[in-house]
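Geometric and topological summary
Spelled out from the first residue to the last, the chains are:
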Amino acid sequence: MTKFLVSWRNLARKLHREERGAVSIETVLLIGAIALPILIFIIKYGWPKIKDYFNSGMSDLQNDADQAKTN
């Protein structure tokens, strides 16, 4: 059992010291840090306007379709 724990400990040390790929991880975190507040803002403030615009367009489309049926 101790051999198993030692191998896991060695693997953890190697992973902790490994720095390849750190730039790409930092880039992803930076993009996420910028995109997340923008997404939250759009969902909180923009979504009702987007939903109303979509519903208005759908009702206009339905009205036009009903008018086309009667003509």
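Scroll up a little and you will see the structure.
Since the model is a prediction, treat every value here as computed from it, not as a measurement.

1. Concerning the overall build of the protein
Along its length, the protein carries two helices and zero strands. Counting every position in the protein, which comprises 71 residues, the buried fraction comes to 0%. Carbon and sulfur atoms form 67% of the exposed surface of the protein, whose accessible area is close to 7100 Å².

2. Quick notes on the packing of aromatic side chains
Evaluated as defined, the whole model comprises one aromatic pair. Both rings, one in Phe 41 and one in Tyr 45, keep their centres 5.1 Å apart while their planes meet at 45°; by these two values the pair is tilted. Residue Phe 41 and its partner Tyr 45 are located together in helix α2 (residues 22-70), separated by four residues, close to a single helical turn.

3. Some thoughts on a positive patch on the surface
On the surface, a cluster of positive charge is contributed by Arg 9, Arg 13, Lys 14 and Arg 17. Relative to the elements of secondary structure, Arg 17 occurs in helix α1 (residues 2-17).

Thresholds, definitions, all that
Residues numbered from 1 in each chain as written. Predicted model: local features only at pLDDT ≥ 70, side-chain atom pairs only at ≥ 80, totals over all residues. Heavy atoms only, no water. Helix = DSSP H or I, 4+ residues; strand = E, 2+ residues; numbered from the N terminus. Buried < 20%, exposed > 50% of the residue type's maximum accessible area, 1.4 Å probe, protein only. Areas by Shrake-Rupley, 256 points an atom, 1.4 Å probe, with all protein chains shown as cover. Phe/Tyr/Trp six-rings, centres within 6.5 Å; stacked < 30°, edge-to-face > 60°. Patch = residues over 30% accessible without salt bridge, like charges linked within 9 Å, V, L, I, M, F, W, Y side chains within 5 Å. Salt bridge = Lys/Arg side-chain N within 4 Å of Asp/Glu carboxyl O. Lys, Arg positive; Asp, Glu negative; His and termini not counted. Charge placed at Lys NZ, Arg CZ, Asp CG, Glu CD.

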